[in-house]
Amino acid sequence: MNIVVLTGAGISAESGVPTFRASDGLWEGHRVEEVATPEGFAANPALVQEFYNLRRAFLSEVEPNAAHLALAELAARWQGDFTLVTQNVDDLHDRAHQQIMPAAGFSLIHMHGELLKVRCTRTGKVMDWHSDLQPYHPSPFDPSGYLRPHIVWFGEIPLEMAQIEKALSECDLFLSIGTSGNVYPAAGFVQLASMAGARTVEINLEPTVGQNLFSEHLYGHATEVLPPFLATL
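Along the backbone of the chain there are nine helices and 12 strands. In summary, the chain has a C-alpha radius of gyration of 18 Å against a globular reference of 17 Å for 233 residues, a match within 12%. Overall, the chain is about 50 × 40 × 35 Å in size when its C-alpha atoms are taken along their principal axes. Of the contacts made within the chain by residues no fewer than 6 positions apart, 68% connect residues no fewer than 24 positions apart. Measuring between centres, the 13 positive side-chain charges of the chain sit 6 Å from its 27 negative side-chain charges.

Buried residues dominate strand β1 (residues 3–7), accounting for five of its five residues. Every second residue of β1 is oriented toward a common face, with Ile3, Val5 and Thr7 on one face and Val4 and Leu6 on the other, all of them buried. The sheet contact formed by β1 and strand β4 (residues 82–86) spans five bridges and is parallel. Bridge assignment links Val4 to a residue of β4, and that residue is Thr83. Examined bridge by bridge, β1 and strand β10 (residues 173–177) share five bridges and lie parallel to one another. Looking at the pairing, Val5 lines up with Leu175 of β10.

Strand order in the open sheet formed by six strands is β5-β4-β1-β10-β11-β12, with parallel pairing between adjacent strands. The two strands at the open ends of the sheet, each matched to only one other strand, are β5 (106–110) and β12 (216–219). In this sheet, adjacent strand axes meet at a mean angle of 15 degrees when their direction is disregarded. Docked against the sheet, helix α5 (residues 66–77) engages β1, β4, β5 and β10, running at close to 155 degrees with respect to β4. Helix α6 (residues 92–99) contacts β1, β4 and β5 of the sheet and is inclined by roughly 160 degrees relative to β5.

Thresholds, definitions, all that
- Residues numbered from 1 in each chain as written.
- Predicted model: local features only at pLDDT ≥ 70, side-chain atom pairs only at ≥ 80, totals over all residues.
- Heavy atoms only, no water.
- Helix = DSSP H or I, 4+ residues; strand = E, 2+ residues; numbered from the N terminus.
- Rg over C-alpha atoms; globule rule 2.2 N^0.38 Å.
- Contact = heavy atoms within 4.5 Å.
- Lys, Arg positive; Asp, Glu negative; His and termini not counted.
- Charge placed at Lys NZ, Arg CZ, Asp CG, Glu CD.
- Buried < 20%, exposed > 50% of the residue type's maximum accessible area, 1.4 Å probe, protein only.
- Pairing = 2+ DSSP bridges.
- Axes fitted to C-alpha atoms, helices over the stretch in contact; angles between N-to-C directions.

In structure tokens, the structure reads:
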């Protein structure tokens, strides 16, 4: 039996990670176009680098919560393929799985990138990074390039889509946890899983716009409702 899990901002919010996107559409007081697009980076690299420098530094103040750990525990005992796709750019899933070693069939995919990685603007090469970036931070890969956050901005293609779609086409169970269901392509994952004949479960604080696409629903805080649900699998 193969599982695909999609997680969104809701699961990390319970660890104290801000969801950034406020009801007025601003991210920490900035327009999305200013800090989350290639055009914004080109126009004001100092602003964009500082925005992500602060997000990166904040990760040291938060820890994986019970929902992250419950998923890691499931991955450790699961005998089939287990693909965990997260829209989150924090490292909380990574840390949870470092604490509890997953089984051989486990894959963790950060489809929107990672705060603790940077990318060369010239070569596209990626490297781990835990400190601040300067506006035009020199790239070690190419003297004509510089380093930018390894984040998928609006207008860019999410990462590892071929691997994600393959996993969805072969899954028997699809869980959507703490995500609004508003942002594509992730919002369409439930339809791909349903086409494969999978059991589909929405786990969220409240019903989403795509609730009717799921065969089952579980509402409440992920830290409270997810661990007992996963224990039944």
